[in-house]
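Notes for the structure review
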Amino acid sequence: MPRSINQNAYASGLPDFRNLGIQLRIGVIVNAFAFAAAAVKSPSLQTLWQQSIEICSLVEPLLILSLLVLAALSGWLRRIPYWPGAAVVLGLELALTTVVYSVGQSLVGPDSAPLERYWLLVALATIALLVYFNLRSRVLSPSLTEARLQALQSRIRPHFLFNSINAVLSLIRQEPRRAEAALEDLAGLFRMLMADNRELAPLAREVELCRQYLGLEQLRLGERLKLEWRTDRMPSDALVPPLVLQPLLENAIYHGVEPRIEPSVVSIDIYADADEVHAVLRNPYQETSERHPGSRMALANIRERLQLHFDAEASLTSKLGNDVYEVHIVMPYVKERSG
Amino acid sequence: MNQDAKALRVVIVDDEAPARQRLHDLLDECAGEPAVVVAGDAANGRDALELLARELADVVLLDIRMPEMDGIEVAQHLQQLDKPPAVVFTTAYDDYAIRAFELHAVDYLLKPIRLERLKEALARSRSAPPRAETLRELARAPRTHLSAQERGRIHLIPVAEVIYLKAELKYVSVRTAAREYLIEESLTRLEQEFGERFARVHRNCLVARAAVRGFERVEEAGEAHWEVVLDGIDERIAVSRRQQQVVREFSR
């Protein structure tokens, strides 16, 4: 079954412990807890440092051990129902605390604090984290539906649709075959736009969609639109959120090509690097071109969907330099699980 | 021949070739009343103005969204012609413009254009060209060019090249590094439209902020005043007493 946001957000409130962003969040929150505990425990600021080191000597091994064990169990944890899953996590943490505590006792010597106090602290921290992740997934689920709706609504500019239909109409008499091809592209494009786009889809399909879209734009703009594709190092099997590139190309045409009389180059460079997929889109930037709120909405929408799918492992950056506008997307290289 | 003389002369302006082709096809079918001939077509605003200064036309089918100069601005410059044509705007989708057109009863056609609607628009179009005030209200952004009429031709002056605008008796003189033009507009309106680009230094003069090199204090018959030193021309412009705060504004 392909990875989908659907699964991530609804199936269980437990987070994906293998995800880098989740691990980072756990690390930050646990350390904040440890520091707060040290601050409460120490009578003066001078002893705060000493206290922190003492607490960290227990917390850090426990944290690292927990992250490893949770990552290993993540697949299983996310398959079982939420409450048993949460109970397992809590039990696991208490057990690990006991292990780290007794190992620490034998290595460093007797600790002043009894094991029960650590159990209490760890239980509190674990419950706080579970509540946090549960709330977070609840907050994200409605916005997920919304993001999906937006994917349907804000994607294609009506301007594009009507101009394309107009272009096809003009071809019917003189070049019926090109008109046929254009209508097929239009149908393909809208089939994709109206599909359930929550599941990740192969990159090759997204690129195919982009080519159909650009075919239609080429029909309208003719010589004014020059395309430079670099896809020889493209990982066709990588799974990406659907419509992650097409809206960006639409922006590129709308802001980079249409406002100019001279031919403009839009370049698309897609490649894999280690375990990451990169997509770099460039288009000329006209200083006078109106800043349409639509384009920022498209960027925000894609950013949100990337985050929903990949959390901190994906990024979208845009920059302006030398009259060229560039958008760079980095995604983890996720392959379809076979069998 | 006699028929042709009375035929409606139409010019097509659209930046997309298929859209122009479509209008050609539709106009071919508009035979009969009124008889229609296509006097030419253009792919952008500048070409359109050149064509229309050369070819007499009754109606222009004018696309709104075009590169560098939009349809509304083209229509504004067309007013410089002795006999400006009637304008029918065309657009694929533009909520804002359509609301404005409805409000001001300006004729427009939605793409893809239906033959019936086109015929109706042409039948109505023998009426007057759009009014200047209406076009000003329709415009969403300041014009990219000013236009001056010279011997029946429309001369376009890129606003970016203008160094200063000075009100004369009936005209406003437009100074660029190369030369001077006279346009029939009011300085107040120009200030409203291009307020961000120009600064008022005198009751009768706006200078381009980008062209200001500095200010110089000048003594004349015991009276001291400021003068603007400009890039591109040697001429200097006096700063009136009432506009003296401009000097401070620039020195910041």
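Bear in mind that the values here come from a model prediction, so they are computed numbers and not experimental data.

**Let's talk about the overall build of chain B**
Across its full length, chain B carries nine helices and 15 strands. The principal-axis extent of the C-alpha atoms belonging to chain B is close to 75 × 40 × 30 Å. Of all 252 residues assigned to chain B, the portion counted as buried reaches 37%. Across chain B, every contact between residues at least 6 apart in sequence was considered, and the portion connecting residues at least 24 apart equals 56%.

**Considering the overall build of chain A**
When helices and strands are counted, chain A shows ten helices and seven strands. The buried share among the 339 residues of chain A stands at 33%.

**A short note on the packing of helix 2 (residues 20–41) of chain A against helix 3 (residues 45–79) of chain A**
Residue and element names in this part refer to chain A. Close contact between helix 2 and helix 3 brings their axes to 9 Å; oriented N to C, the two are set at 150 degrees. Our classification of the angle between helix 2 and helix 3 gives roughly antiparallel. Relative to helix 3, the crossing made by helix 2 is right-handed. Counted together, Gln23, Ile26, Gly27, Val30, Ala34, Phe35, Ala37, Ala38, Ala39 and Lys41 of helix 2 and Leu48, Gln51, Ser52, Ile55, Cys56, Val59, Leu63 and Leu67 of helix 3 form the full contact between these two elements.

**Some points on the interface of chain B and chain A**
Counting from both sides, the interface comprises 14 residues of chain B and, opposite them, 19 residues of chain A. Counted by class, the side of chain B that touches chain A contains seven nonpolar, two polar and five charged residues.

**Let's talk about the domain arrangement of chain B**
A common way to report how large an interface is uses the accessible area buried once the components associate. Residues and elements named next belong to chain B. Its domain assignment divides chain B into domain 1 (2–138) and domain 2 (145–251). For domain 1 versus domain 2, the separation of C-alpha centres amounts to 34 Å. Taken together, the contact pairs eight residues of domain 1 with seven residues of domain 2. Here the side of domain 1 that touches domain 2 gets three residues from one element, more than from any other, and that element is helix 3 (residues 45–54). Residues that form the side of domain 1 that touches domain 2 fall into these classes: four nonpolar, two polar and two charged.

**Quick look at the packing of helix 3 of chain A against helix 4 (residues 82–108) of chain A**
All names here are of chain A. As a packed pair, helix 3 and helix 4 sit with axes 10 Å apart at the nearest point and diverge in direction by 145 degrees. Note on packing geometry: the crossing formed by helix 3 with helix 4 is right-handed. From helix 3, Leu58, Pro61, Leu62, Leu65, Ser66, Val69 and Leu77 reach across to helix 4, where they touch Gly85, Val88, Leu92, Glu93, Leu96, Thr97, Val100 and Gly104. Residue composition of the contact of helix 3 with helix 4, grouped by class: ten nonpolar, four polar and one charged.

**Structural notes on the nonpolar core**
Counting residues in each nonpolar core, the largest one holds 87 residues, and the members touching the most others are Leu249 of chain A together with Val10 of chain B. If you tally residues by element for this core, the top one is helix 8 (residues 203–221) of chain A, at nine residues. Other than its neighbours up to four places away in sequence, Leu249 of chain A contacts Cys210, Tyr213, Leu214, Val266 and Leu281 of chain A. Within the second largest apolar cluster, 22 residues are counted, among which are Val162, Val172, Leu190 and Val201 of chain B.

**Overview of the confidence of the model for chain B**
All names here are of chain B. Residue-level pLDDT values for chain B average 89, and 96% of them are 70 or greater. Considering each helix and strand of chain B separately, the mean pLDDT is smallest for helix 1 (residues 2–6), with a value of 54, and largest for strand 8 (residues 162–167), with 96. In the model output, the complex is listed with pTM 0.75 alongside ipTM 0.82.

**Some remarks on the pairing of strand 4 (residues 86–91) of chain B**
Residues and elements named next belong to chain B. In terms of residue burial, strand 4 counts as a mostly covered element, since six of its six residues are buried. Of the two faces of strand 4, the one holding Ala86, Val88 and Thr90 and the one holding Val87, Phe89 and Thr91 are both buried throughout. Relative to strand 4, strand 3 (residues 59–63) runs parallel, the two sharing five bridges. Following the sheet pairing, Asp63 is matched in strand 4 by Thr90. The parallel pair strand 3 and strand 4 is bridged by helix 4 (residues 71–78), and the resulting crossover is right-handed. Pairing between strand 4 and strand 5 (residues 108–110): three bridges, direction parallel. Bridging across to strand 5, Phe89 finds its partner in Tyr108. For the handedness criterion, the β-α-β arrangement of strand 4, helix 5 (residues 95–104) and strand 5 is classed as right-handed.

**So, the sheet that holds strand 7 (residues 324–332) of chain A**
Residues and elements named next belong to chain A. Taken in spatial order, the five strands make up an open sheet running 2-4-5-7-6, and their pairing is mixed. Edge positions in the sheet fall to strand 2 (225–230) and strand 6 (315–321), since each has one partner strand and no second. Mean inter-strand twist for the sheet, computed between neighbouring axes without regard to direction, equals 15 degrees. Note: strand 2 against strand 4 (residues 264–273), six bridges, orientation parallel. Residue pairing for strand 4: Leu227 is matched across the bridge by Val266.

**Some thoughts on the pairing of strand 11 (residues 198–202) of chain B**
Residues and elements named next belong to chain B. The pairing of strand 11 with strand 12 (residues 205–208) spans four bridges and is classified as antiparallel. Directly across from His202, in strand 12, lies its bridge partner Cys205. Between the antiparallel neighbours strand 11 and strand 12 lie two residues.

**Describing the sheet that holds strand 15 (residues 236–238) of chain B**
Sheet strands line up and pair through hydrogen bonds in the backbone, either parallel or antiparallel. Residues and elements named next belong to chain B. Overall, antiparallel pairing links the three strands, which are arranged 13-14-15 in an open sheet. Since the sheet does not close on itself, it has two edges, and those belong to strand 13 (212–220) and strand 15, each with one partner. With direction set aside, neighbouring strand axes in the sheet form an average angle of 30 degrees. Where strand 13 lies against strand 14 (residues 223–230), eight bridges are found, and the strand directions are antiparallel.

**Overview of helix 3 of chain B**
All of the buried residues along helix 3 of chain B are Gly45, Arg46, Ala48, Leu49 and Leu52 of chain B. Here the buried residues of helix 3 of chain B occupy an arc of 160 degrees about the axis, which is enough to place them on one side.

**Quick word on the environment of Leu63 of chain A**
All names here are of chain A. Position of Leu63 relative to the elements: it lies in helix 3. Since 20 C-beta atoms lie within 10 Å of it, Leu63 is described here as buried. With residues near it in sequence (within four places) discarded, Leu63 still touches Gly27 and Val30.

Quick notes on the rules
- Residues numbered from 1 in each chain as written.
- Chains lettered and ligands numbered in written order.
- Predicted model: local features only at pLDDT ≥ 70, side-chain atom pairs only at ≥ 80, totals over all residues.
- Helix = DSSP H or I, 4+ residues; strand = E, 2+ residues; numbered from the N terminus.
- Buried ≥ 20, exposed ≤ 12 C-beta atoms within 10 Å, placed from the backbone.
- Contact = placed C-beta atoms within 7 Å.
- Axes fitted to C-alpha atoms, helices over the stretch in contact; angles between N-to-C directions.
- Parallel < 35°, antiparallel > 145°, perpendicular 65-115°, else oblique.
- Left-handed = near helix turned anticlockwise from the far one by under 90°.
- Nonpolar A, V, L, I, M, F, W, Y, C, P; charged D, E, K, R; others polar.
- Domains from an automatic or database assignment.
- Core = buried A, V, L, I, M, F, W, Y, C linked by C-beta atoms within 7 Å.
- pLDDT = per-residue confidence, 0-100.
- Pairing = 2+ DSSP bridges.
- Right-handed = clockwise from strand over helix to strand, strands pointing away.
- Arc of directions from axis to C-beta.

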